[in-house]
Amino acid sequence: MEYRSVRGMEDMLPQDAWIWHYIEARARQEFAASGYSEIRTPILEDTAVFVRGIGDTTDIVTKEMFTFTDRKERSLTMRPEGTAPIVRAYIEHALLAIAPISRLYYVGPMFRAERPQKGRFRQFFQIGAEVIGSGSPFADIETIAQISSMMTLFGLKEFKIKLNTLGCRDDKAKFAVSLKNYLEDKRPRLCEDCVSRMDKNVLRVLDCKNPECREIVKDAPNVVDSLCQGCAEHFKKVKDGLNLLGIGFEEAKNLVRGLDYYTATVFELTHSALGGQDALAAGGRYDNLVKDMGGSALGAVGYAIGIERLIIALKAEGIKQTPETVVYIATMGDDAKLEGMRIAREIRVHIGLGNIVVLTDVGETSLKSQLRSADRSKAKIVIMLGDDELKQNKATIKDMGGKEPQVMVEIGSIVKEVVRRLC
Ligand code: HAM
């Protein structure tokens, strides 16, 4: 029997760990510097959290959730996204009492039973942010500015920000009517999915990927013509603010997003390396969600970045791992092996958790094969220690770059010598 990972769910292998750490460390740094606190919610939620939160006609809820009944006949779902659970937790733990505006972030796996392809998985990871408690356009501006600086901190250059508004709930309803009127006589040309979207969630016709549907919606009514004065002003302020901050964006009149909770500002970050699945990150305002889920009437805005897609984009732009500096301790004999481990620990403690790795041999191999391992791990310094040297309380230090001559030093001065050579 050959075991394989579940379709659409991938292993993160050791050779790729560095880029995950690189991304997460920078994200946490940027969030901390912007006053965000981390929130962790469980993988499983009551299914109702998502049905209510995301919307019962959305693709996610109707087709893509991993839902099962537990032993007590409760319907549970593996979270397909982070916003609805965070709003659930925000209300459950009365976070409003702690601060009028909460800036929250999260990092973790999400689950959607989509058809797997490049950049699309059934388990994927998101880095997300939610600002709950402000209906102001300044919260939108700050959020978009923040995701943009985060991308820069990751070293990503070729991304685009697409921006649109959906207006408030009333505007959305008004727009849905005018869109439906426009589409009515084109129904026979629409794809099967869009025909059913016409009756359930007509806005989604706008982001259908089918070429014929795309052609049809090119001349569809523009959402800005359905906006009330408040929403029109909100959108203008967001655009003016981004322009003033020098954050480039493109207005995308057909950007609607696949989750029902959005109102007003919506945005997406795209990257050409992603092909068909080109959304690297996406988000928007969801001013009704907290109230709809049983909390106070609070404005909120947020986004989520797909980590796997970010990795594809970063690799396409040529990101490389910063090489580690390796110190290899080659030992011969049992006593020397243990002394080697002690020295390794001393160097690690002294140097701290930098980009320096101290390796020892645990394979009981010959000196020759240990030196080969040192070479393979591109060690800069090799410390050689046998039981005979140990009796004299000495070890040999070899500079693999050949810059300094090989020397014998007292064991007590090894750490000082390594620090002098590396730092
Ligand atoms: P979303 O657009 O569904 O929004 O997902 C955000 C990002 O997650 C996408 O842009 C993409 O990078 C990544 N993603 C989504 N599905 C997959 C998949 N099957 N495989 C790989 N990556 C994927 C949300 O989830 C909202 N909760 C974002 C948000 C937060 N809005 C407000 N606050």
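Just so you know, these numbers come straight off a predicted model, no measurement behind them.

Draft legend 1. Looking closely at the site of the ligand. Close contacts around the ligand come from 27 residues, with Glu81, Glu114, Glu130, Arg257 and Tyr262 the closest. The separation between a nitrogen atom of the ligand and a polar side-chain atom of glutamate 81 is 2.6 Å. One of the side-chain nitrogen or oxygen atoms of arginine 309 is found 3.5 Å away from a nitrogen atom of the ligand. In isolation the ligand exposes 660 Å². Once the protein is present, 96% of that is buried. For the shell around the ligand, the secondary structure elements donating two or more residues are strand 6 (123-132), strand 10 (279-285) and strand 11 (300-306). For the shell around the ligand, the element with the most residues is strand 10, which contributes 6 residues.

Draft legend 2. Expanded view of the packing of helix 5 (residues 137-154) against helix 9 (residues 229-244). Axis separation between helix 5 and helix 9 bottoms out at 9 Å; the angle between their running directions is 40 degrees. In this structure, helix 5 crosses over helix 9, and the sense of that crossing is right-handed. Facing Pro137, Asp140, Ile141 and Ile144 of helix 5, the residues of helix 9 in contact are His234, Lys237, Val238, Gly241 and Leu242. Residue classes in the contact of helix 5 with helix 9 are distributed as 5 nonpolar, 2 polar and 2 charged.

Draft legend 3. Spotlight on unusual backbone geometry. Even without glycine at this site, glutamate 73 takes up a positive phi of about 65 degrees. Among the structural elements, glutamate 73 can be located in the loop between strand 3 (66-69) and strand 4 (75-78). Look at glutamate 73 and you get exposed, because its relative accessible area is 66%. The phi angle at alanine 264 is positive, at roughly 55 degrees, despite the residue not being glycine.

Draft legend 4. Looking closely at the layout of surface pockets. By volume, the second largest pocket amounts to about 490 Å³. The wall of the second largest pocket is formed by 25 residues, among which Lys172, Asn201, Asp260, Tyr261 and Tyr262 lie closest to the centre. Looking at the lining of the second largest pocket, the elements with two or more residues in it are helix 2 (47-54), helix 6 (169-184) and helix 10 (289-292). At 4 residues, helix 6 tops the list of elements feeding residues into the lining of the second largest pocket.

Draft legend 5. Structural context of the domain arrangement of the protein. Under the domain assignment used here, the protein contains domain 1 (14-168 + 228-316) and domain 2 (325-422). A separation of 48 Å is found between the C-alpha centroids of domain 1 and domain 2.

Draft legend 6. Local environment of the pairing of strand 12 (residues 325-332). Of all 8 residues making up strand 12, 6 are buried, and the element is well covered by its neighbours. Pairing geometry for strand 12 and strand 13 (residues 356-360), over 5 bridges, is parallel. Bridging from a neighbouring strand, valine 327 pairs with valine 358 of strand 13. Of the strand pairs in this sheet, strand 12 and strand 14 (residues 379-386) are connected by 7 bridges, and their pairing is parallel. Opposite valine 326, over in strand 14, you have alanine 379 as the bridge partner.

Draft legend 7. Spotlight on the pattern of salt bridges. Summed over all chains, the structure comprises 31 salt bridges. Among the ionic pairs, aspartate 185 bridges to lysine 186, the shortest N-O distance being 3.2 Å. In this structure lysine 186 comes out as buried when scored by relative accessible area, which is 17%. A salt bridge links glutamate 404 to arginine 420; its shortest N-O distance comes to 2.9 Å. Placement of the pair is glutamate 404 in the loop between strand 15 (394-399) and strand 16 (407-410) and arginine 420 in helix 15 (residues 414-422), with a sequence separation of 16 residues. Owing to a relative accessible area of 47%, arginine 420 belongs among the partly exposed residues under this scheme. Several salt bridges share partner residues, and in doing so they unite Lys180, Glu184, Arg187 and Asp199 into one network.

Draft legend 8. Representation of the packing of aromatic side chains. According to the stated counting rule, one finds 5 aromatic pairs in the structure shown. Geometrically, the ring pair formed by phenylalanine 31 and tyrosine 36 is tilted, given 5.2 Å between the ring centres and 55 degrees between the ring planes. The exposure class of tyrosine 36 is buried, given its relative accessible area of 5%. Seen from their ring centres, phenylalanine 31 and tyrosine 105 are 4.4 Å apart, and the 10 degrees between their planes marks the pair as stacked. With phenylalanine 31 in helix 1 (residues 17-33) and tyrosine 105 in strand 5 (residues 102-111), this pair connects stretches of sequence that are 74 residues apart.

Draft legend 9. Spatial organisation of the sheet that holds strand 15. If you trace the 5 strands from one edge of the open sheet to the other, you get 13-12-14-15-16, paired in mixed fashion. Looking at the sheet topology across the chains shown, the edges are occupied by strand 13 and strand 16. Here the average twist between neighbouring strands, direction ignored, is 25 degrees. Bridge analysis of strand 15 against strand 16 gives 4 bridges, and the strand direction is antiparallel. Its bridge partner lying in strand 16, alanine 395 is registered against valine 409. The strands touched by helix 15 within the sheet are strand 12, strand 13, strand 14, strand 15 and strand 16, with strand 14 carrying the most contacts at an inclination of about 165 degrees.

Draft legend 10. Seen up close, the packing of helix 1 against helix 11 (residues 307-316). Where helix 1 contacts helix 11, the two axes come as close as 11 Å, and the packing angle between them is 105 degrees. Classified by the angle between their axes, helix 1 and helix 11 sit roughly perpendicular to one another. Touching Ile19, Trp20, Tyr22, Ile23 and Glu24 of helix 1 are Ile307, Glu308, Leu310, Ile311, Leu314 and Lys315, all from helix 11. For the contact of helix 1 with helix 11, the per-class residue count stands at 8 nonpolar, no polar and 3 charged.

Cut-off values and rules
- Residues numbered from 1 in each chain as written.
- Predicted model: local features only at pLDDT ≥ 70, side-chain atom pairs only at ≥ 80, totals over all residues.
- Heavy atoms only, no water.
- Near = heavy atom within 4 Å.
- Polar contact = N/O pair within 3.5 Å; in protein donor to acceptor, adjacent residues only side chain to side chain.
- Areas by Shrake-Rupley, 256 points an atom, 1.4 Å probe, with all protein chains shown as cover.
- Helix = DSSP H or I, 4+ residues; strand = E, 2+ residues; numbered from the N terminus.
- Axes fitted to C-alpha atoms, helices over the stretch in contact; angles between N-to-C directions.
- Left-handed = near helix turned anticlockwise from the far one by under 90°.
- Contact = heavy atoms within 4.5 Å.
- Nonpolar A, V, L, I, M, F, W, Y, C, P; charged D, E, K, R; others polar.
- Buried < 20%, exposed > 50% of the residue type's maximum accessible area, 1.4 Å probe, protein only.
- 1 Å grid on protein atoms, 1.4 Å probe; cavity = no way out; pocket = protein on both sides within 12 Å on 5 of 7 lines; lining within 4 Å.
- Points joined across faces, edges and corners; volume = space filled by probe spheres on them.
- Domains from an automatic or database assignment.
- Pairing = 2+ DSSP bridges.
- Salt bridge = Lys/Arg side-chain N within 4 Å of Asp/Glu carboxyl O.
- Phe/Tyr/Trp six-rings, centres within 6.5 Å; stacked < 30°, edge-to-face > 60°.
- Parallel < 35°, antiparallel > 145°, perpendicular 65-115°, else oblique.

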